[in-house]
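Residues per chain are reported as follows:
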Amino acid sequence: MATILYNNQPALRPARAFNKVLNDLLRDTLPTATEPSQSFVPLADILESEYGFELHLALPGVAKEDVKIDFQDGNLVISGERKAPVAEENGPKFRRMEMAYGEFTRSFRLPETVEVTAIEAQLTDGVLRVKLPFDSKKVTKHHIEIQ
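Residues numbered from 1 in each chain as written. Predicted model: local features only at pLDDT ≥ 70, side-chain atom pairs only at ≥ 80, totals over all residues. Heavy atoms only, no water.

Under the convention used in this document: UniProt positions are given in the numbering used here, feature names are shortened, and annotations may be inferred rather than shown by experiment.
An unreviewed UniProt entry annotates the chain as Hsp20/alpha crystallin family protein of Hymenobacter cellulosivorans. Under Sequence similarities (unreviewed entry), UniProt gives the following word-for-word description of the chain: "Belongs to the small heat shock protein (HSP20) family."

What follows is the structure in structure tokens.
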């Protein structure tokens, strides 16, 4: 007589086999690109502290000279380009390209509480950090005591 093992605790059942099948199925149906893209949208995080906002933009492989930051009509516009690697004629050919290359533009509407003339930007380790300090002269909220 054969012994049959049954796991009556579904939370403890191994899901690896199903996940592997699903991943293999999805991976094989994704279209592959062999040419660099013409544009992309970098990911952004926005943090807020008592001193102001800080914007982090993921720009791996982008040189500082290829990024432009402008403020116009209440919008902070960050644009630039990540240059694609050039395949040599007699060298290896691209079989799959998953990284995005090309030009990018991100626009962020800034509140009036940001002091535009004090904005600072720094690009290190592929992350653009833009500090947007609050304008201490502008008051957006004030509690008035009744006497």
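After that view of the structure, there is still more to cover.
Some remarks on the pattern of salt bridges
Here is the rule: Salt bridge criterion: a side-chain nitrogen from Lys or Arg within 4 Å of a carboxyl oxygen from Asp or Glu. Secondary structure counts use DSSP, requiring at least four H or I residues in a row for a helix and at least two E residues in a row for a strand, with both numbered from the N terminus. Note on exposure labels: buried denotes an accessible area under 20% of the residue type's maximum, exposed denotes more than 50%, and partly exposed covers the range between, all computed with a 1.4 Å probe on protein chains only.
All chains considered together, the criterion is met by two salt bridges. When the shortest N-O distance is used, the salt bridge between K83 and D66 registers 3.1 Å. Taken together, the positions of K83 in the loop between β4 (75-82) and β5 (102-109) and D66 in the loop between β2 (52-58) and β3 (67-72) put the pair 17 residues apart, joining distant regions of the chain. For D66, a relative accessible area of 25% gives the class partly exposed. Across the salt bridge formed by K68 and D70, the nearest N and O atoms sit 3.6 Å from each other.

Some thoughts on the layout of surface pockets
Where empty space is left in the structure can be found by rolling a water-sized probe over the atoms. Heads up, the rule is: The distinction between a cavity and a pocket rests on a 1 Å grid over the protein atoms alone: a 1.4 Å probe fits inside a cavity but cannot get out, while a pocket stays open yet meets protein on both sides within 12 Å along at least five of seven lines, and a residue with an atom within 4 Å of a point counts as lining. Grid points are joined across faces, edges and corners, and a volume is the space filled by probe spheres set on the points. Charged means Asp, Glu, Lys or Arg here, nonpolar means Ala, Val, Leu, Ile, Met, Phe, Trp, Tyr, Cys or Pro, and polar covers whatever is left, Gly included.
Taken as a whole, the largest pocket holds about 190 Å³ of empty space. At the level of secondary structure, the elements contributing two or more residues to the lining of the largest pocket comprise β1 (44-48), β2 and β7 (127-133). Among the elements that take part in the lining of the largest pocket, β2 stands out by supplying four residues, more than any other. Broken down by class, the residue content of the lining of the largest pocket amounts to six nonpolar, three polar and four charged.

So, the sheet that holds β2
Operational definition: By the convention used here, strands pair only if DSSP detects at least 2 bridges between them. Axis definition: a line fitted to C-alpha atoms, limited for helices to the stretch in contact. Angles are taken between N-to-C directions and run from 0 to 180 degrees.
Taking strand neighbours across the sheet as the criterion, the four strands line up as β1-β2-β7-β6 in an open arrangement whose pairing is antiparallel. Where the open sheet ends on each side, the last strands, each with one partner, are β1 and β6 (120-124). On average, each strand axis in the sheet is inclined to that of its neighbour by 15 degrees, with strand direction left out of account. Where β2 and β7 come together, seven bridges link them in antiparallel fashion. Across the sheet, residue G52 finds its bridge partner in β7, namely P133.

Section: unusual backbone geometry
Although it is not a glycine, D73 adopts a positive phi angle of roughly 55 degrees. Counting through the fold element by element, D73 comes out in the loop between β3 and β4. On the basis of relative accessibility, which here comes to 70%, the residue D73 falls in the exposed class. With a phi angle near 55 degrees, D125 is a residue other than glycine that sits in the positive phi range. Note that D125 resides in the loop between β6 and β7. Its relative accessible area of 80% is what places D125 among the exposed residues.

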